[in-house]
Amino acid sequence: MAVGIFDSGLGGLTVLDAVAKRLPDVPFVYFGDNAHTPYGVRDADDVYDLTTRSVARLFDAGCDLVILACNTASAAALRRMQEGWVPPQKRVLGVFVPLIEALTERQWGDNSPPREVAVRHVALFATPATVASRAFQRELAFRAIGVDVEAQSCGGVVDAIEEGDEILAEALVRSHVDALKRKMPHPDAAVLGCTHYPLMETVFQDALGEDVRVFSQAKLVAESLADYLERRPEMKGSGKVSQFMTTGDPARVSSKATQFLRRKVEFSPA
Ligand code: DGL
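Residue indices begin from 1 for each chain and proceed along its sequence in written order. Two thresholds apply to this predicted model, a pLDDT of at least 70 for residue-level local features and 80 or more for giving and counting side-chain atom pairs, whereas whole-chain, interface and lining totals are computed over all residues. Heavy atoms from the whole structure form the basis of all side-chain values; hydrogens and water molecules are not counted.

Caption draft 1: Expanded view of the layout of surface pockets. Points on a 1 Å grid, built from protein atoms alone, make a cavity when a 1.4 Å probe fits but cannot get out and make a pocket when they are open with protein on both sides within 12 Å along at least 5 of 7 lines; residues with an atom within 4 Å of a point are the lining residues. Grid points are joined across faces, edges and corners, and a volume is the space filled by probe spheres set on the points. Taken as a whole, the largest pocket spans an internal volume of roughly 870 Å³. As for the largest pocket, its lining consists of 30 residues, and the residues nearest its centre are Thr-14, Pro-198, Leu-199, Met-200 and Glu-201. Segments assigned H or I by DSSP are reported as helices when at least four residues long, segments assigned E as strands when at least two residues long, and all are numbered from the N terminus. Of all the secondary-structure elements, those providing two or more residues to the lining of the largest pocket are α1 (13–22), α8 (157–162), α9 (166–183), α10 (201–208), β10 (213–216), α11 (217–231) and α12 (250–261). Considering each element in turn, the lining of the largest pocket owes the most residues, five residues, to α1. Note on residue classes: Ala, Val, Leu, Ile, Met, Phe, Trp, Tyr, Cys and Pro are nonpolar, Asp, Glu, Lys and Arg are charged, and everything else, Gly too, is polar. Partitioning the lining of the largest pocket into residue classes produces 16 nonpolar, five polar and nine charged. The computed volume of the second largest pocket comes to approximately 750 Å³. In terms of lining residues, the second largest pocket is bounded by 34 residues, among which Leu-78, Gly-94, Val-97, Glu-139 and Arg-143 are the most central. When residues of the lining of the second largest pocket are traced back to their parent elements, those giving at least two are α3 (71–76), α4 (78–84), β4 (91–93), α5 (96–103), α7 (135–143) and α11. Grouping the constituent residues of the lining of the second largest pocket by class yields 17 nonpolar, eight polar and nine charged.

Caption draft 2: Spatial organisation of α9. Expected helix span is given by 1.5 Å per residue-to-residue step, counting one fewer step than there are residues. If you check α9, its first and last C-alpha atoms are 26 Å apart, about what 18 residues at 1.5 Å a residue would give, namely 26 Å. Whether two residues touch is decided by their heavy atoms; if any such pair falls within 4.5 Å, the residues are in contact. Elements that come into contact with the buried residues of α9 comprise β6 (121–126), β8 (148–153), α8 and α10.

Caption draft 3: Region of the structure containing the packing of α1 against α11. Orientation of α1 relative to α11, taken along the N-to-C sense of each, is 45°, at an axis distance of 8 Å. One finds that α1 runs oblique with respect to α11. Every pair of crossing elements has a handedness; the one defined by α1 and α11 is right-handed. Contacts between α1 and α11 involve Thr-14, Val-15, Ala-18, Val-19 and Arg-22 from the first element and Ala-218, Lys-219, Val-221, Ala-222, Glu-223, Leu-225 and Ala-226 from the second. Looking at the contact of α1 with α11, its residues break down into eight nonpolar, one polar and three charged. Interaxial angles span 0 to 180 degrees and are taken between N-to-C directions of axes, which are lines fitted to C-alpha atoms, for helices over the stretch in contact. Angles below 35 degrees are treated as roughly parallel, those above 145 as roughly antiparallel, those between 65 and 115 as roughly perpendicular, and all remaining angles as oblique. By definition, any crossing whose near helix is turned counterclockwise from its far helix by less than a right angle is left-handed, and any crossing with a clockwise turn is right-handed.

Caption draft 4: A look at the sheet that holds strand β12 (residues 267–269). Here the rule is simple: two strands pair whenever DSSP picks up at least two bridges between them. Pairing in this open sheet of six strands is parallel, and the strands run β4-β3-β1-β2-β11-β12 from one edge to the other. Pairing within the sheet leaves two strands with one partner each, and these edge strands are β4 and β12. Averaged over neighbouring strand pairs, the angle between their axes works out to 25° when direction is ignored. In the packing of α1 onto the sheet, the strands contacted are β1 (3–7), β2 (28–32), β11 (243–246) and β12, and the crossing angle to β2 comes to about 175°. Across the sheet, α11 lies against β1, β2, β3 (65–68) and β4, angled at about 160° from β3, the strand it touches most.

Caption draft 5: Summary view of the packing of α5 against α11. Two elements in contact, α5 and α11, have axes whose closest approach is 9 Å; the angle formed by their N-to-C orientations is 100°. Regarding the angle of α5 to α11, the classification is roughly perpendicular. Residue-level contacts link Phe-96, Pro-98, Leu-99 and Ala-102 of α5 to Gln-217, Leu-220, Val-221 and Ser-224 of α11. Split into classes, the residues belonging to the contact of α5 with α11 amount to six nonpolar, two polar and no charged.

Caption draft 6: The arrangement of the pattern of salt bridges in detail. Salt bridge, as used here, is a side-chain nitrogen of Lys or Arg placed within 4 Å of a carboxyl oxygen of Asp or Glu. Per the counting criterion, the structure on display carries 14 salt bridges. Salt-bridge contacts for Arg-115 lead to Asp-110; the nearest nitrogen and oxygen are separated by 3.5 Å. Two residues, Glu-163 and Arg-252, come together in a salt bridge whose shortest N-O distance is 3.3 Å. Of this pair, Glu-163 sits in the loop between α8 and α9 while Arg-252 sits in helix α12, and the two are 89 residues apart along the sequence. Classification of residues uses two cut-offs on accessible area relative to the type maximum, computed with a 1.4 Å probe and protein chains only: under 20% is buried, over 50% is exposed, and between them is partly exposed. Given a relative accessible area of 52%, Glu-163 falls into the exposed group. On the basis of relative accessibility, which here comes to 40%, the residue Arg-252 falls in the partly exposed class.

Encoded structure:
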């Protein structure tokens, strides 16, 4: 059995780390499409083509269930994949819904009409493609009313993280938070809508101020996956071993991943 975790690069490791801790007996196969990162500046067709190619590789590796640990792919490609590409015995799930369920205080499967929730002013930080898709606002509108969302497209942050340039990443995060605050001076919640951003979570929190509640996806996705596998244990697939695959340079990606996860991680060529 194995569950696939996909991202355009290193960001999905934040999700991998949380799901591996929550489900220590489940083998996970991680796929980073590092040769083509970032996805956030690509158009929807391009993101769809790259994501389907990567997910097909995870199916070949024995995964029946794949988590798109990438908001850009979840926003720009997932619906199209689910409507016409995913084979009947396979499943591909995104990372948006668990986050929005937490934000709107809902349990899985609660399809009741949209209602008022505690948060009123939400700052969304995401890649240009995720912001352009408006997928977050769409999913939110199914569940909540009266929530004002201000989206900030955070150009450059993913590249800086992938390059390991923390100083640049921090400067960019601070300038994107400033830009957001000019549009929405007092958000009560902030959503880190890109799986790379938890690697900069302390900078986001510091720049936003401690009274802003920061929602980041890794733990929420881990809880939601644990719940899903309880209901659908057959989706654990036939794979037996955890592994890390990349379309990029395995030595370089392994060294960055080891630095991020603070444990030895060895990638092999996809
Ligand atoms: N980490 C991804 C996301 O959650 C992808 C970022 C990118 O490749 O631009 O959006």
